[in-house]
Amino acid sequence: MPETPDMPETSEGILDWLEQAGRRPEGGLRFIDRAEKATWFGWAEVRARALAACGGLQALGVERGDRVALVFPTGIDFFTAFFGALLAGAVPVPLYPPARLGRTEEYLRRTARMLERSGARLVLAESRVCRKLGGAVEPALGCRALTDLPLGTARPVQAFPADLALIQFSSGTTVDPKPVALSHRAVAAQAEILASFWPDTTELRQSCVSWLPLYHDMGLIGCVFPALARDAGLTLFAPELFVARPALWLRTLSRYRATISPAPNFAYSLCLTRISDAEMEGVDLSGWQTALNGAESISPAVLRAFCNRFASWGFRPEAMTPVYGLSEAALAVTFSDLGQPFQVTRFDREELAREGRARASAEGREIVSVGRPVPGFRLRIVDSGGHDLPAGAVGRVWIQGPSLMEGYLGDPEGTERALRDGWLDTGDLGFLHDGELYLAGRAKDAVILRGRNHAPEEIERAVDEVSGLRAGSVVAVSWLPEDAPGEVLALFVEATREATPEELAALPDACREAVLGATGLAVDRLEVLTPGALPRTSSGKLRRGETLRLYLAGELALLEPAASLLMGALA
């Protein structure tokens, strides 16, 4: 089994770093707005604002161990509330702010559920968000804006390594989001692991650009805490800005000569289709040393296309770094080798399905390596009984390391299922090849057809290049309909707003042919949906189980023929 040297247990934590930071002029937070204007806050100012919030929280009655939910967009208020809660001895619970129009009821139900699961005693949010939440949330201390906190003298509370530092909701791809309880020890260990990959030199100060949500582990734990630990600079802008203008990401990386930036695979795909050459004028990506790619299935075609497209602006293929992690590990589990070309290996699809083993084949399936365990982590590939499998065999990925969760808050049964004798069952399927991890999907998401398990990601990737289909907006599921002789395979695809009537008419057959050609599977049902119809988690991942539930309940927004013609006319 792959193994790396243990990391020494850290003697410092988030609040120690917050107190020590601010000594370097380049250390702090830079926020970029829609007009690409920057606003800077040094770490010392961040701490001063947090101390004021700490005093207000304590005057309000917040006590050590209380959970405080935070509902803020990307901006200084989030950090004021987050660090203020920590200084007061409370446990921050970052939640996502309302964004999608027309889904207010869904948002309120989901938020109320997360508040209930976390046991939050107070919600901190913008005034308009408090009004929107209304009676849907009723914690003991209500919902308040930072400006509504009473004045009080801050009395910072000492944090011990075993104390909870954060409640991080898992993305809830296959089930309702779970409140992951992370200790100060775990969060500090993860931050130090990540910071160790990018040491500063006399010639180079590492810095990061991120548009990832701050309520998500990759954005908060992966970007903010390592920058704080190193007293470094971090440049941030809102995820909705990235979706509207993907070029802003690359332009910001160039302008501030950032060396590190992470994103899910869909972001790299979006850059390929939504960035014009004109928007790249003057951009230089040669300083981008590590383009982390994780949080969802990684497409080899997208990696190659991104590297080829942006090579003209200095992007180097060896900067592309596939990784693997999850909330229950406080983020990173494996990294590809930094500064080395990413590894894509072709495996025989039939062998994977029939024997559970991976063997090279000239006509097989390509899978991207997500690398080896980060320092302090170990992993195993086991069968359903928890027995180790040989290299090449597909099984459940179990991990062990210094930043594992304490458990799921208030869910001892779920915790017992996930944590077994110090190992975390990730719920992901994978195998080892030449000592590196390759992911084959999620155990609970497996498409089961005619007695065989198939990874839905493989089926979904097969239609990546079908014209008229919205990139990254495909869901494959299987189920047994009433009175049916066996499981059926259904594919749900979102059309683009720009699709012509001809493309929409050809879309079903084109998707069926693509899936049959790539996987040998026949799609039994195919539904074309309106843009944005597929349900997603707070971090943007597609929810396959929820898609099927909505479809069977008749609640998915299917694209009717009349709507197809209208969309074509408006394109």
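Residues numbered from 1 in each chain as written. Predicted model: local features only at pLDDT ≥ 70, side-chain atom pairs only at ≥ 80, totals over all residues. Heavy atoms only, no water.

1. Looking at the pairing of strand β12 (residues 290-293)
Applicable threshold: Relative accessibility thresholds used throughout: buried, under 20% of the residue-type maximum; exposed, over 50%; partly exposed, between the two (1.4 Å probe, protein chains only). Segments assigned H or I by DSSP are reported as helices when at least four residues long, segments assigned E as strands when at least two residues long, and all are numbered from the N terminus. Should DSSP find at least two bridges between two strands, the strands are taken to pair. For a crossover, the right-handed case is the one in which the path from the first strand over the helix to the second runs clockwise, viewed with the strands pointing away from the viewer.
Of the two faces of β12, the one lined by T290 and L292 and the one lined by A291 and N293 are each fully buried. Summarising the sheet, strand β11 (residues 260-263) and β12 pair through 4 bridges and their orientation is parallel. What sits directly across from I260, in β12, is T290. For the handedness criterion, the β-α-β arrangement of β11, helix α10 (residues 265-274) and β12 is classed as right-handed. Handedness of the crossover joining β12 and strand β13 (residues 320-326) through helix α11 (residues 300-310) is recorded here as right-handed.

2. Observations concerning the pairing of strand β4 (residues 91-95)
The buried count for β4 comes to 5 of 5 residues, which makes it a mostly enclosed element. Because side chains alternate across β4, one face comprises the buried residues V91, V93 and L95, and the other comprises P92 and P94, equally buried. Here 5 bridges tie strand β3 (residues 67-71) to β4, and the two strands are oriented parallel to one another. Of the residues in β4, the one forming a bridge with L70 is P94. Viewed along the sheet, the connection from β3 through helix α3 (residues 76-87) into β4 turns out right-handed.

3. What to know about unusual backbone geometry
Backbone geometry places R257, a non-glycine residue, at a positive phi of 50 degrees. Following the sequence through the fold, R257 ends up in the loop between α9 (247-255) and β11. A positive phi is found at D434, a non-glycine position, where the angle reads about 55 degrees. Position of D434 among the secondary structure elements: in the loop between β22 (423-433) and β23 (436-442). Since its relative accessible area comes to 63%, D434 is described here as exposed.

4. Examining the side chain of S210
Counted only if it meets this: Two N or O atoms form a polar contact when they lie within 3.5 Å of each other; inside protein one atom must be a possible hydrogen donor and the other a possible acceptor, and for residues adjacent in sequence the pair counts only when both atoms belong to side chains. Any pair of residues with heavy atoms lying within 4.5 Å of one another is described as a contacting pair.
Topologically, S210 is positioned in strand β9 (residues 208-210). The class of S210 is buried, set by a relative accessible area of 1%. At a separation of 3.1 Å, a polar atom in the side chain of S210 contacts the main-chain amide nitrogen of L212. If we skip the residues at most four places from it in the chain, S210 touches C223, T235, L236 and F237.

5. A closer look at the state of the cysteines
Threshold: Our working definition of a disulfide is a cysteine sulfur pair at a distance within 2.5 Å.
Under the criterion given, the structure shown has 1 disulfide. The disulfide partner of C130 is C143, and the gap between their sulfur atoms is 2.3 Å. Judged by the sign of its S-S torsion, about -80 degrees, the bond between C130 and C143 is left-handed. Of this pair, C130 sits in helix α5 (residues 127-133) while C143 sits in strand β6 (residues 143-144), placing them 13 residues apart in sequence.

6. Side note on the packing of aromatic side chains
To keep it simple, the criterion reads: Two rings from Phe, Tyr or Trp (for Trp, the six-membered ring) form a pair when their centres are within 6.5 Å of each other. A pair whose planes differ by under 30 degrees is stacked, one over 60 is edge-to-face, and the rest are tilted. Both a distance and an angle decide whether a charge sits over a ring: NZ of Lys or CZ of Arg must be within 6 Å of the ring centre and within 35 degrees of the ring normal.
Overall, the coordinates contain 27 aromatic pairs when judged by the stated rule. Geometrically, the ring pair formed by F31 and F41 is edge-to-face, given 5.9 Å between the ring centres and 70 degrees between the ring planes. Of this pair, F31 sits in strand β1 (residues 28-32) while F41 sits in strand β2 (residues 38-42), placing them 10 residues apart in sequence. Taking 5.1 Å as the distance between ring centres and 90 degrees as the angle between the ring planes, the aromatic pair formed by F306 and F315 counts as edge-to-face. In this structure, F306 and F315 share a single accessibility class: buried. Its guanidinium or amino end placed over the ring of Y256, R30 lies 4.1 Å from that ring's centre, counting from NZ or CZ. The ring of W423 carries R380 above its face, with NZ or CZ at 5.0 Å from the centroid.

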